[in-house]
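Understanding the architecture of this molecule
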Amino acid sequence: MTIDKSWTTIRRRGSSNEFWNGLQHFLQMAKPFINDRGFIKCPCRRCLNNASHQLEELESHIFRNGFMFGYNQWIHHGEPATGNAGTTVAGPSGGIHERDEMFDVLDDIISEDVDDDAVGGPSSNDQYDDLFAALRSELYPGVSSFSSLNFLVKLMHLKVLNKWTNKSFDELLKLLKLAFPKIDLVESHYEAKKLMTKIGLGYSSIHVCKNDCALFWKENSLKDTCPVCSESRWKLQSGKRSGKNVPHKVLRYFPVGPRLKRLFATSKTAKLMRWHSTGKSKDNDVMRHSVDGKSWQEFDKRHPQFAGDVRNVRLGLAADGFNPFGNMSLSYSMWPVVLTTYNLPPWICMKAEYLMLSLLIPGPQSPGKDMDVFLRPLIDELKELWVHGLDTRDAASENSVFRMRAALLWTVNDFPARSSLSGHRRFLPTNHHWRSNLQFDGRTERKRPPRRFSTTDILEQLRRVKTGIPGKHPSYGGVKRKRGDNELNWRKKSIFYELPYWATIELKHNLDVMHIEKNVCDSLVGTLLADPHKSKDTDNARRDLAKLGIRHELHLFEDGNKLMKPAADYTFSDANRRKFCRFIRSVKFPDGFASNLSKNVAQNDSRLLGLKSHDCHVIMQRLLPVGCRSLVNKNIWSTIVELCTFFKQLCASTVNVSDMVEAQNQLVLILCKLERIFPPAFFDIMIHLVLHLPEEAILGGPVHMRWMYPFERYLKRLKDYVRNAAKPEGSIAEGFVVDEALTFCSRYFDDVETRFNRPDRNDDGIHPTRQLSVFESQCKPLGKQSYVELDNNDRDKAEFYILNNSPELEPYLNEHKQELHVRLGEGCLNINEVHRTEFAGWFFEKIYALHRMQAPEVTTELLSLSSKTNMVVSSYPACIVNGVRFVTHDHDVRLRTQNSGVSVPGTGQEMFYGQLQQILEFSYLNGFSCDSKHMVTENNIASIDINGEAYKDDQFILASQEKQVFYVADPSRGPNWRVVQHVKHRSIWDITDDVTNASRPVTDDSSFLNDADEVELSDEEDESVEEYADEEIDAENEIDTEEDDDDRSYHASDSD
């Protein structure tokens, strides 16, 4: 007898007699299979037959949660098994199709609405009916691999991922309709977008006064005129309202609560929302996430009830203006307000897929002082999330419902540069001798450091500030208000103070390190190069020196009819300027590390043009300390190096509190040194703000979670949504909602490439787990394969290195040494050389003797390792090791990138540096060969002599041992010297926890074939090759670049 199961897919269970009758029939059929304790497996969408309940509770579960997908033979509830049921679902129409990922998508979406848990069934909201209809529909008669909805979502996902135009998508749909007339697919992109918006979370459109005075929202929603300036809400034509009411401005608001609920409701992200609790640093001195900062910890102490539930959400807010038209218009400024969730791990919380657009403030003018008017909907929701919270289903705790609350930790904004500010001697100790030094500004410094105000003091000052009239109407908010004497330097009290907890937060607004570093770099480089557009050493700056009566040798003077400007020691001469620019032009970075800076050098080698923020980041932390070493005197150079070293330390992915405390003290001295070097005009507000960065790092944790880089990249994504230049805000809002829905769906897709599963550009594939660690030293060869014949000497060297670097062979190595001591005597001087030449043969005989005795310790891998390799091995021009690309030196010189530098730790504290000369694939191992060089260190800058060489007989390394470096020419020491720059790749983290593995995952493979690459280095290096690389975010543990390559080692006295 056929059992009718179509009722299991009915969505509106509460109003369907068919579902209720089918459920009763199912319960009657299952009743005889109740166990002795009165329990039976529950096939609801939550329990999935993994939990058992009594029959009454079973009825409630299925009615409330729905019947599980894929359970088609009710073998636990009375239906006899008839073979493999497969993963199919019977729809009401009788059509059968395979298990669909969209079932899980819609299941998690429906679970977001906790109000549907009432026994009376879900609400009458029919927004999902079209989705379920498309899900039950076959894409094409007889095609069971795709439902209509599944195919459409994946097709839309490809459109967004590959940036197809709407027209091209429409043409593709027409072609599919022509080729497959019976296909069940929408007619146009417009219809597809309408369907996708039902998966998305939507937004609200709020009208705004044309003068930014008020929102037509809540109590003002029905008004036709502004409650402040009385201007009409609607656009008028010839003094009259047009046929259709068109508002002057529209604010798009994207509610935060539903988006946070979705992070918990989906099983793909629910566990990650606890990472801040499970993954925080155990060392009080180490900060790798904002949770390790003092501000977060103090917040938890003040609000223990909020901190008691680790699922409560911490948010960060960033706002910045951008022009959606690129270079087409310079007067349009649109302001998105973006939120990030700090509950997530540091390697994903700043990614675009996890950022939330909350407000889209319309242009064409910047909101300016009226930003609070536009923030009103967000602030009201944040207050609601703090006071009352939202009932939220948590997929990580058996779909239990909890009260989710949220708090805004801080904001991130660019700081506008205005006035000049010097005089950092006041931050020195009162007895410091520089306070009485007249070389700074001709005066003795007696001021103490500025008073530090507590959060209570600041709140008291803000209470005195008068509330101004909002808007830009010339008769109301546009009138400039005179500040009262008791208002100090405050213009207004921010709307954020309406949040109950805001006044007590220690770090409310983050100084943006990205813009500060760029401005400091522009000032430094522009002044050193005497750039007429960016130099701070202007004629007026020299006149300032004359007014202060200091540095008489730099004062302007007249020579006849000409005004002469003496050369300063802090600017390059013409020859040195060209030398520095040629140095920048010659730089080569690892693949994916930084842009090609040679394009930013002027044709006459006189200045640098068009530097972006990340270009300045690279120059400050990598190139400036090296490039100017021989071009200015040592005092100037050492001060610049100290400043650049601080930025490198500050931008690390892991920051030590003790280092920031020390930097806070040292920065005062560094800025004072700069005041003795550069003119007062050099010290704008951006230079001064550097002094406050260490304290903010102590309060907020690592900089990479608090700067504007990820938000600026996110603005580029928003700009790509603009398809209608007449309505850019509407285009962005609609594009964001659809992209948000498709990004959510793509988390569930495994058979198509998505943002979450697409392989890295330098993906080295899956490697098997081995019994011997030496066989885990594998890599993925790239390029054309060739063959190299090794002589006996090279093969013996490689084989001994492999054996000597296998930890599991240490007992055999010690046993052989003991035998040599007995045979040769304790006084033998060349016992290590004998051990090197004879061990491989001794080990082979030892293992095969044990193998013949069937000794259990002789595994297949150990037997393979004892055998000799072939004389002919494969050679490749490149390879990928642990997600890092390496290229041989000969191949590297033809590229604009540098991927041949490597470093290897020695047995002690020494480091070996080198370049790859050859990549060889042996039958059982990957490896590299290298030669060693002499190294000297000055001011933490390690330089190597490429003509020197050490350990010529030991030039092989394993692929698993190397780390990528790149080399920069050292102009101060001559053409044969290079400066070593270490690389930290942005996709590789050293954090592991029980939620997810942040380090590059090590995958397993059951195959035993042990193939590996080995790199051999020649004894000479091409001196014409000058390669440079840089790291995007960090000096030692950062999130930046990508690749490693060749190996030629250089010996160092320490690890730098």
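Note that the structure is a prediction, hence the values are computed from the model and not measured. (Residues numbered from 1 in each chain as written. Predicted model: local features only at pLDDT ≥ 70, side-chain atom pairs only at ≥ 80, totals over all residues. Heavy atoms only, no water.)

So, about the overall build of the protein chain. Counting its secondary structure elements, the protein chain contains 28 helices and 35 strands. Taking all 1056 residues of the protein chain together, 54% fall into the buried category. A separation threshold of at least 6 residues defines the contact pool for the protein chain, and within that pool the share at least 24 residues apart is 72%. For the protein chain, the accessible area works out to roughly 47000 Å², and carbon and sulfur atoms hold 49% of it. (Helix = DSSP H or I, 4+ residues; strand = E, 2+ residues; numbered from the N terminus. Buried < 20%, exposed > 50% of the residue type's maximum accessible area, 1.4 Å probe, protein only. Contact = heavy atoms within 4.5 Å. Areas by Shrake-Rupley, 256 points an atom, 1.4 Å probe, with all protein chains shown as cover.)

On to the packing of aromatic side chains. Considering all chains together, one arrives at 38 aromatic pairs under this definition. Arranged with centres 5.7 Å apart and planes meeting at 50°, the rings of Phe67 and Trp74 form a pair that is tilted. For the pair Phe67 and Trp74, one class covers both residues: buried. For the ring pair Phe844 and Tyr848, a centre distance of 4.6 Å and an interplane angle of 45° mean the geometry is tilted. With a gap of 4 residues between them, Phe844 and Tyr848 both fall in helix 26 (residues 831-852), about one helical turn apart. Among the aromatic residues, those joined into a ring-pair cluster are Trp7, Phe19, Phe26, Phe67, Tyr71 and Trp74. The aromatic ring of Trp386 is capped on one face by Arg405, whose charged end is 4.6 Å from the ring centroid. (Phe/Tyr/Trp six-rings, centres within 6.5 Å; stacked < 30°, edge-to-face > 60°. Lys NZ or Arg CZ within 6 Å of the ring centre and 35° of its normal.)

This next bit is on the sheet that holds strand 12 (residues 335-341). Read from one edge of the open sheet, 8 strands run 6-5-9-13-12-11-16-17, paired in mixed fashion. A strand with exactly one partner marks an edge of an open sheet, and here the two such strands are strand 6 (215-216) and strand 17 (509-511). Strands strand 11 (313-319), strand 12 and strand 13 (356-361) of the sheet are contacted by helix 22 (residues 709-720), whose axis makes an angle of about 125° with strand 12. (Pairing = 2+ DSSP bridges. Axes fitted to C-alpha atoms, helices over the stretch in contact; angles between N-to-C directions.)

We now examine unusual backbone geometry. Note the cis peptide between Gly363 and Pro364, where omega equals 5°. Residue placement: Pro364 occurs in the loop between strand 13 and helix 12 (371-387). The backbone phi angle of Ala530 is positive, close to 55°, even though this residue is not glycine. Note that Ala530 resides in the loop between helix 14 (513-528) and helix 15 (539-548).

Next up on the list: the sheet that holds strand 25 (residues 884-887). With antiparallel pairing, the 3 strands of this open sheet are ordered in space as 21-24-25. For this open sheet the edge positions go to strand 21 (780-782) and strand 25, each flanked by a neighbour on one side alone. Sheet twist, expressed as the mean angle between neighbouring strand axes with direction ignored, is 25°. Where strand 21 and strand 24 (residues 878-881) come together, 3 bridges link them in antiparallel fashion. What sits directly across from Leu782, in strand 24, is Ala878.

Residues Leu260, Leu315, Leu378, Leu408 and Leu624 are the most contacted members of the largest nonpolar core, which totals 166 residues. One finds Ile109, Leu152, Met196 and Ile199 within the second-largest nonpolar core, a separate group that totals 36 residues. (Core = buried A, V, L, I, M, F, W, Y, C linked by side-chain atoms within 4.5 Å.)

Within the secondary structure, Val105 sits in helix 3 (residues 101-111). According to the relative accessible area criterion, Val105 is buried, its value standing at 0%. Sequence-wise, Val105 and Phe744 are 639 residues apart; in three dimensions their C-alpha atoms are separated by 8.1 Å. Residue contacts for Val105: discarding those within four places in its chain leaves Phe744, Cys745 and Tyr748.

Here we come to empty space enclosed by the protein. For the structure shown, the criterion picks out 7 cavities of 30 Å³ or more. Reported here for the largest cavity is a volume of approximately 330 Å³. Together, 20 residues line the largest cavity, and Glu353, Leu355, Glu740, Thr743 and Arg747 are the ones closest to its centre. Where the lining of the largest cavity is concerned, the elements lending two or more residues are helix 8 (256-265), helix 22 and helix 23 (728-746). Residue contributions to the lining of the largest cavity peak at 5 residues, all from helix 23. For the lining of the largest cavity, the residue count by class is 10 nonpolar, 3 polar and 7 charged. (1 Å grid on protein atoms, 1.4 Å probe; cavity = no way out; pocket = protein on both sides within 12 Å on 5 of 7 lines; lining within 4 Å. Points joined across faces, edges and corners; volume = space filled by probe spheres on them. Nonpolar A, V, L, I, M, F, W, Y, C, P; charged D, E, K, R; others polar.)

The subject of this paragraph is the state of the cysteines. On inspection of all chains with the given rule, the structure shows 0 disulfides. Here Cys213 stays unpaired: no disulfide links it, and the sulfur of Cys229, its closest cysteine neighbor, is 3.7 Å away. Here Cys616 is not disulfide-linked; the sulfur of Cys521 is the nearest cysteine sulfur, at 3.9 Å. (Disulfide = S-S within 2.5 Å.)

Next up on the list: the packing of helix 18 (residues 634-650) against helix 19 (residues 657-677). Contact pair helix 18 / helix 19: the axes reach a minimum separation of 10 Å and the direction vectors enclose 145°. The two elements helix 18 and helix 19 meet at a crossing, and its hand is left-handed. Mapping the contact onto sequence places Asn635, Ile636, Thr639, Glu642, Leu643, Phe646, Gln649 and Leu650 in helix 18 and Asp659, Met660, Ala663, Leu667, Ile670, Lys673, Leu674 and Ile677 in helix 19. When the residues that make up the contact of helix 18 with helix 19 are grouped by side-chain class, the tally is 10 nonpolar, 3 polar and 3 charged. (Left-handed = near helix turned anticlockwise from the far one by under 90°.)

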